Amino acid sequence: MIEAEASTSSKAGVLRIANLVVQAGRGQDMTAPVTDVSLDVCRGEAFGIVGESGSGKSLTLRAVIDLLPEGLRRSGGSIAVRLDEGADWVSDVATLRGRGISMIFQEPMTALNPTMRVGDIVTVGARAHRGLSRTQAHDLAVELLAEVRLPDPEAQVRKWPHQLSGGQRQRVMIAMALATDPKLLLCDEPTTALDVEVQDQILQLLDRIRRDRHLAVIFVTHDLGVIRRLCERIAVMYAGQVVEQGTVRDVFAAPTHPYTAGLLASMPTLDSDPAHPLTAIPGGQPDPRERRGGCRFADRCEHDQPDCHTMTYALGPVRGHASLSACRRADELTGALS
Amino acid sequence: MTGDTTRLSIDDLVVRYGGPDGWWRGLSRKPGFLAVDEVSLRIPAGQTLGLVGGSGCGKSTIAKVIAGLQKPTSGVVQLDDRVLPERRSKADARLVQMVFQDPSSALNPRLTVRQTLTELLRTHGLATGTATARRIAELLELVGLSQRVLDVRPRRLSGGQRQRVGIARALAVEPSVLIADEAVSALDVSVQAAVLNTLQRLKRDLGLTMLFISHDLAVTRYISDSVAVMQAGRIVERGTPEVVLSNPQHPYTRALVAASPRHDQIASLSNEGVNT
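This is a predicted model, so every value here is computed, not measured.

Caption draft 1: Summary view of the interface of chain B and chain A. Facing 40 residues of chain B, the contacting portion of chain A comprises 37 residues. A combined buried area of about 3,400 Å² lies between chain B and chain A, and 57% of that area is made up of carbon and sulfur atoms. At the junction of chain B and chain A, the tally comes to zero salt bridges. Where chain B packs against chain A, one counts eight residue pairs in polar contact (both at pLDDT 80 or more). Only helix H6 (189-206), helix H7 (217-223), helix H9 (251-259) and helix H10 (263-267) of chain B provide two or more residues apiece to the side of chain B that touches chain A. For the side of chain B that touches chain A, the element with the most residues is H6(B), which contributes nine residues. Looking at side-chain class alone, the side of chain B that touches chain A contains 20 nonpolar, 14 polar and six charged residues.

Caption draft 2: Seen up close, the sheet that holds strand E2 (residues 33-44) of chain B. All names here are of chain B. The strand order across the open sheet formed by four strands is E2-E1-E4-E5, and the pairing between neighbours is antiparallel. Across the chains shown, the open sheet's two edge strands, defined by having one partner strand only, are E2 and strand E5 (82-83). Sheet topology note: the strand E1 (residues 6-17)/strand E4 (residues 74-79) ladder contains five bridges and is antiparallel. In the sheet register, Ile10 faces E4, and the bridge partner there is Val77.

Caption draft 3: Quick peek at the sheet that holds strand E9 (residues 226-231) of chain B. All names here are of chain B. Taking strand neighbours across the sheet as the criterion, the six strands line up as E6-E7-E8-E3-E9-E10 in an open arrangement whose pairing is mixed. Two strands close off the open sheet at either side, each with one partner strand: strand E6 (96-99) and strand E10 (234-239). Looking at each pair of strands side by side, their axes are set apart by 20° on average, direction ignored. Bridging between strand E3 (residues 48-52) and strand E8 (residues 209-214) involves five bridges; their strand directions are parallel. Within the sheet, the bridge partner assigned to Thr48 lies in E8 and is Met210. Running over the sheet, helix H5 (residues 159-172) touches E6 and strand E7 (177-181) and is turned about 175° from E6.

Definitions and limits used
Residues numbered from 1 in each chain as written. Chains lettered and ligands numbered in written order. Predicted model: local features only at pLDDT ≥ 70, side-chain atom pairs only at ≥ 80, totals over all residues. Heavy atoms only, no water. Contact = heavy atoms within 4.5 Å. Buried area = accessible area lost by both parts, 1.4 Å probe. Salt bridge = Lys/Arg side-chain N within 4 Å of Asp/Glu carboxyl O. Polar contact = N/O pair within 3.5 Å; in protein donor to acceptor, adjacent residues only side chain to side chain. Helix = DSSP H or I, 4+ residues; strand = E, 2+ residues; numbered from the N terminus. Nonpolar A, V, L, I, M, F, W, Y, C, P; charged D, E, K, R; others polar. Pairing = 2+ DSSP bridges. Axes fitted to C-alpha atoms, helices over the stretch in contact; angles between N-to-C directions.

Structure below.
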């Protein structure tokens, strides 16, 4: 707690999410894929949101720039962004899309317009928002493509997306995100579609850009390896809620929620003993329609007690730990989890 | 288990996509794309060979050739010392079965689990009448699925359940060799572990011979008796997982090893950002 709080208060906040709720459908069919997400991200910080598919991690990220898929809406909670230190918090986040907040998507194949040249793709946002001339746009494109370390940027500007490899396309997407000079960069599984070696280069690039530009970056991923390498603090999501939050160091070394512990234990590693079965978590994540009251992980949890199935959600401190946990038994369990 | 007799072998396999076919191949200036370049592999009975490599390295092409779904440019596939023809008879097709990456698109969305398995057993004449139900129950138990999924269509199943149905479908025809092509990579970590455990158990209990294809070294190591690392159509390194991982020789293998998670790193990690 001490460490996490100290770093939060000493740095200026960029993003504040409180009690976010995202709903789908209406009336009888209404479900809430995201229900309890609260988090703060500071200037220059790398923040990770980790969870399995369906945990609501991508929806949370999309809610931040008001880009939820059709049929979904933010129905509760607040999101506020402050791009400059000392400025006012802005809660109408849609106005900041492309003017201070940018997003990088998972699939570089489909996220780039195939009918535009790379130079135009990179600067289309900047031209719309900053009214650049063609020459200015061209110079900016070359500059950005050099920043994302594409070889011979002058030549790349004239290329079409299909002439680029997956890694190069992802670099173009990053250049495009940087064109509007953002303060907050949202990355949705930025390297999942890429090969191991390329993955590594892109992660290093993103880390360098974050440091150089003092950017706040949020990484959403299911890949614990990516989180471990890039992030300072993380939130672990399960079934639409944040179940644990803390520094990467604390959460990975001493998880305070049984789900986090299970996730870490079920990951095959190079030095685990192949003769021993992996510790799988039985069952699956509950569908938003089939969630019952109480802790949403209780049905899969080996430490559950009757009260767990009726408790109300609260993310709170754990004795002897700096992380926040949604597990009501966290105080007594932490020894058994790590 | 047994370990000495070779169950599956491929010799000098070459697959070229897009180039000209036939006698004028040597005369053309369009070489096509060489997806697999003289690859030979051997899997002893009851063992699992892990084939690791990045996308486009040719690993799935090898799987398709073994399963008879892709015609090789040259080279032979042998099962129990018998050359498998390029065009497979129904009986030959049964011998090699595949589990695919994406369990949501690999199953017929209009058939229930029961219909999927019944159709298969009937087509291959493996069970009729009441024996069908018994065999289906047996298959579900084998892959750790409850009987409740029998009358459910794939849409209503979770990813892990779908992949188990995919495995049950492959096992239904009693294959000699099972090919798992990125069979767990689309699954969540916690679910992936359960499916891996299932494959591990099947390997032990049924003496299954398996080709396990993956881009993930840690996953492959967990299930494989030997590992072959592939890059740009060639096998660049092979051996037991321990040897390959503890002392990787090829730069590509080293990159793979460096990018794979280790438990000791996770427990004692630092916050200084990218640490390669």
